[in-house]
Amino acid sequence: MEPNEQDKKQKHNQSKSDQVNKKFEAKRKKSTTNMLKQFNLLIIVLVVLSFLVLIFVYSRIISSAASEERLVQMDRAANAITNFYEDTSEKSLWSTNELSVYMSVVAEATGSYLWLYDDTGRLLYINQVPDSAKENIKIGTDNYMYLPKDIIAIDIPEGGINFLGGNFLGLFQDDGNWVTVIRELKNNEGNKVSNLLLAHKIEPVLDSAQYLIEGIFIVFLIAVVLAMVIIVIYTRRISDPIEKLTKAATRVSNGDLSARVDISKYQESRHSYEDDDIMILVKIFNRMVEQIERGNSEQTDFIASISHDLRTPLTSIKGFINAILDGTIPAEKQDHYLGIVQNEVNRLSDLVSDMNSIILLDNDIDPNNFEEFNINETIIETVQGTEILLQEKDIAVQTNIQSGSKAVIVYGDQREISRVIYNLVTNAIKFVPDKEGIISINVDVQGRDIVLITIEDNGPGIAQDKLSHVFDRFYKVDHSRTDRSGSGLGLYICKRILQKHGQSIFAEKSESLGGAKFEFTLPFIRVE
């Protein structure tokens, strides 16, 4: 493909990618806008419904209070009439103008229909008959009006009877809310003369309701304005970090792992965002992207390190084999160089073994392998396995583990913990000086739950700025890689094994020996 055609294709692909991103961004903004509109509409609907329910409840309360107040007034009026009748009982009830006027005044004052009737239902006195009752009040042959039998059958107790609500046993043929009071009229000798009935229809409390509605409407308008201001502020507070989060996520999806949501603005705000669910989501997103970026960087370093560690011995092997084959290396020296090739092959084998261990450690350690074991005994056996290496450099090992000392029982995978100890000891052997090298191994019980194992040496130690990296994969303190005896995976494997045990490992400068100091913890069970 010609360069110009390739450039055109790249530009076309980039242009197409930009168009897709623009369309996605437009859809995202539209989606965010629609979501906020729906949220605002939902809030407004809830506010309106709340006020409508408030108006309904208040109206019911006012109506109920008015009915009860009217019932109290009518009860007092009925008692006043019965008391007045007892005082005027020497006179004829239906011909006494004074009593008639008094009842008319009472009926007018209470806005009630006032009737007197005898036990046959005949109406002896009527101030008015509502239209809704005319159908049920019949006119007898004596031209008197008569109440229905259901009304006559009512058993009136000593103190009278009150009816609040309803249509009074169907007497009033409408949907009104009636308040009815019935009393017996007795003369001054206690003998019943007739029955008194007061009835009042509770009309909707129009004036009060009107005032209430007008007052609530004004409050409602003010509340809606304030609610809208609060909603706008709150939705901006919500939408701003969401929009930034969406933009950052879009950048990450396009391969930009440097994208982060800047939260400094919210942290400096006088309003606390720390416990806000959205801010927690933003922080989790930032940490997630950071981990992805770190993992991507580690993967790149991992591949680069593997390439270097494989290429170096392979180059040596290739060079020596070619030299042997083409006769550059004479026959009498071939065994020597074949020995070097063998060492390089062994190093490649160790590297592949370590890489396989890392892959296995990425999975959980089988808990079935966890057991109680004596850490002192494990340390002694592991150190004995490095005896040849110790003797080659004439290295002295110091320890607080004495022969026949009490067993310190810990809990874990003994084989894996032995591997940790082996890696740390061989790492120390590699760096301590010949003949004057010292490695110290100590076991200390810390409190009731922890055992601390310390391995330190008198080697050159580790620079302070490199301590935080010694447990990274393929990390070597000597960046020139002149030391080719290690893969840079030993300490990383130690960290991974202890992490799988829920434990920690630390590296620092040894105060007593001057070299490197490694400490790691294990769960303590008991001392035997």
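Our structure is the block above this text.
All of these numbers come straight from a predicted model, not from anything done at the bench.

Enquirer: Even after reading the chapter, I still don't get empty space enclosed by the protein, so can you show me in this structure?
Expert: To locate leftover empty space, one rolls a probe as large as a water molecule over the atoms. Summed over the entire model, instances satisfying the criterion amount to one cavity of 30 Å³ or more. Put simply, the largest cavity is a space of about 30 Å³. Looking at the largest cavity, the residues that line it are Ile 43, Ile 44, Val 47, Val 224, Ala 227 and Ile 231. Elements supplying a minimum of two residues to the lining of the largest cavity: helix H1 (3-87) and helix H5 (206-253). Among the residues forming the lining of the largest cavity, the class breakdown is six nonpolar, no polar and no charged.

Enquirer: Please clarify how helix H12 (residues 490-500) should be interpreted in this entry.
Expert: One full turn of an α-helix is made of 3.6 residues, so residues set three or four places apart face in the same direction. For H12, every residue scored as buried is listed here: Leu 491, Tyr 492, Ile 493, Cys 494, Arg 496, Ile 497 and Leu 498. Following H12 by one or two positions, Gly 502 adopts a phi angle in the positive range, close to 75 degrees.

Enquirer: Quick question: what am I supposed to make of the pattern of salt bridges here?
Expert: Two side chains carrying opposite charge are able to pair once their charged atoms lie near each other. Summed over all chains, the structure comprises 17 salt bridges. Arg 183 is the salt-bridge partner of Asp 75, the closest N and O atoms lying 1.9 Å from each other. With Asp 75 in helix H1 and Arg 183 in strand S6 (residues 177-186), this residue pair connects regions lying 108 residues apart in the sequence.

Enquirer: For this particular structure, what's the right way to read the sheet that holds strand S2 (residues 123-126)?
Expert: Backbone hydrogen bonds are what pair the strands of a sheet, in a parallel or an antiparallel way. Across the sheet, which stays open at both edges, the five strands sit in the order S2-S1-S7-S6-S5 with antiparallel pairing between neighbours. At either margin of the open sheet sits one strand with a lone partner, and together these are S2 and strand S5 (161-164). Each adjacent strand pair in this sheet contributes to an overall mean axis angle of 15 degrees, direction not counted. Examined bridge by bridge, S5 and S6 share four bridges and lie antiparallel to one another. Its bridge partner lying in S6, Leu 164 is registered against Val 179.

Enquirer: Would you explain the environment of Lys 318 in this entry?
Expert: With respect to the element layout, Lys 318 can be found in helix H7 (residues 277-325). By relative accessible area, Lys 318 is classed as exposed at 58%. Considered as a pair, Lys 318 and Val 341 are 23 residues apart in the sequence and their alpha carbons are 8.9 Å apart.

Enquirer: I would appreciate a short explanation of a nonpolar patch on the surface in the present structure.
Expert: Residues Leu 41, Ile 44, Val 45, Val 48, Leu 49 and Leu 52 make up a contiguous nonpolar surface patch of about 480 Å² in total accessible area. You can call Val 45 partly exposed: its relative accessible area is 38%.

Enquirer: Help me understand the packing of helix H11 (residues 414-431) against H12 in this model?
Expert: One can describe the packing of H11 onto H12 by two numbers: an axis separation of 9 Å at closest approach and a directional angle of 150 degrees. Between H11 and H12, the angle is such that the two are roughly antiparallel. Note on packing geometry: the crossing formed by H11 with H12 is left-handed. Residue-level contacts link Glu 416, Ile 417, Arg 419, Val 420, Asn 423 and Leu 424 of H11 to Gly 490, Leu 491, Ile 493, Cys 494, Ile 497 and Leu 498 of H12. For the contact of H11 with H12, the residue count by class is eight nonpolar, two polar and two charged.

Enquirer: Please explain the pairing of strand S7 (residues 192-202) as it appears in this structure.
Expert: Regular strands have side chains that alternate between both faces of the sheet. A large share of S7 lies buried, amounting to eight of its 11 residues. Sheet topology note: the strand S1 (residues 113-117)/S7 ladder contains five bridges and is antiparallel. Looking across to S7, one finds that Leu 116 is bridged to Leu 196. Bridging between S6 and S7 involves 10 bridges; their strand directions are antiparallel. Paired with Asn 177 across the two strands is Ile 202, which belongs to S7. What sits between the antiparallel neighbours S6 and S7 is a turn of five residues, in which Gly 190 has the positive phi angle 90 degrees.

Enquirer: Help me understand the packing of helix H9 (residues 375-384) against H11, please; the structure alone is not making it clear to me.
Expert: When two helices pack together, their arrangement is captured by the angle between the axes and the distance separating the axes. Interhelical geometry of H9 versus H11 gives an angle of 50 degrees and a closest axis separation of 10 Å. If you check the angle between H9 and H11, you find them oblique. Crossing of H9 over H11 shows right-handed handedness. Only Gln 414, Ile 417, Ser 418, Ile 421 and Tyr 422 of H11 make contact with H9, whose side of the interface consists of Ile 375, Thr 378, Ile 379 and Thr 382. Looking at the contact of H9 with H11 residue by residue, the class counts come to five nonpolar, four polar and no charged.

Enquirer: Got a minute to help me understand the side chain of Asn 376 in this structure?
Expert: Along the polypeptide, Asn 376 turns up in helix H9. In terms of polar contacts, Asn 376 uses its side chain to reach the backbone carbonyl oxygen of Lys 406, at 3.1 Å.

Enquirer: What should I look at first to understand the nonpolar core in this one?
Expert: Grouped burial of nonpolar side chains is what soluble globular proteins tend to show. Counting residues in hydrophobic clusters, the biggest one holds 42 residues, and the most contacted among them are Ile 375, Ile 379, Leu 424, Ile 439, Ile 453 and Phe 520. Going through the elements one at a time, H9, strand S10 (408-413), H11, strand S11 (438-446), strand S12 (450-457), H12, strand S13 (505-509) and strand S14 (516-527) are the ones with two or more residues in this core. For this core, the element with the most residues is H11, which contributes seven residues. If sequence neighbours within four positions are ignored, Leu 424 has contacts with Ile 455, Leu 491, Cys 494, Ile 505, Phe 518 and Phe 520.

Enquirer: Honestly, unusual backbone geometry in this entry has me stumped. Any pointers?
Expert: The general pattern is negative phi for most residues beyond glycine and trans for most peptide bonds. One non-glycine residue with positive phi stands out, namely Asn 143, at about 70 degrees. Classification of Asn 143 by relative accessible area gives exposed; the value is 67%. In the Ramachandran plot, Leu 169 falls in the positive-phi region, its phi being about 55 degrees despite a non-glycine side chain. Within the fold, Leu 169 resides in the loop between S5 and S6. Residue class for Leu 169 comes out partly exposed when judged on its relative accessible area of 48%.

Enquirer: Can you walk me through the side chain of Asp 413 in this structure?
Expert: Position of Asp 413 among the secondary structure elements: in strand S10. Summary of buried charges: Asp 413 has no salt-bridge partner, and the nearest side chain of opposite charge, Arg 415, is 4.9 Å away. There is a polar contact of 3.2 Å between the side chain of Asp 413 and the backbone nitrogen of Arg 415.

Enquirer: I would appreciate a short explanation of the environment of Gln 334 in the present structure.
Expert: Its place among the elements puts Gln 334 in helix H8 (residues 331-361). Take Gln 334: its relative accessible area is 23%, and that puts it in the partly exposed class. Spatially, the C-alpha atom of Gln 334 lies 9.3 Å from that of Ala 323, the residues being 11 residues apart in sequence. Each residue touching Gln 334, except ones within four places of it in the same chain, is listed here: Ile 324 and Ile 329.

Rules used throughout
Residues numbered from 1 in each chain as written. Predicted model: local features only at pLDDT ≥ 70, side-chain atom pairs only at ≥ 80, totals over all residues. Heavy atoms only, no water. 1 Å grid on protein atoms, 1.4 Å probe; cavity = no way out; pocket = protein on both sides within 12 Å on 5 of 7 lines; lining within 4 Å. Points joined across faces, edges and corners; volume = space filled by probe spheres on them. Helix = DSSP H or I, 4+ residues; strand = E, 2+ residues; numbered from the N terminus. Nonpolar A, V, L, I, M, F, W, Y, C, P; charged D, E, K, R; others polar. Buried < 20%, exposed > 50% of the residue type's maximum accessible area, 1.4 Å probe, protein only. Salt bridge = Lys/Arg side-chain N within 4 Å of Asp/Glu carboxyl O. Pairing = 2+ DSSP bridges. Axes fitted to C-alpha atoms, helices over the stretch in contact; angles between N-to-C directions. Patch = residues over 30% accessible without salt bridge, like charges linked within 9 Å, V, L, I, M, F, W, Y side chains within 5 Å. Areas by Shrake-Rupley, 256 points an atom, 1.4 Å probe, with all protein chains shown as cover. Parallel < 35°, antiparallel > 145°, perpendicular 65-115°, else oblique. Left-handed = near helix turned anticlockwise from the far one by under 90°. Contact = heavy atoms within 4.5 Å. Polar contact = N/O pair within 3.5 Å; in protein donor to acceptor, adjacent residues only side chain to side chain. Core = buried A, V, L, I, M, F, W, Y, C linked by side-chain atoms within 4.5 Å. Lys, Arg positive; Asp, Glu negative; His and termini not counted.

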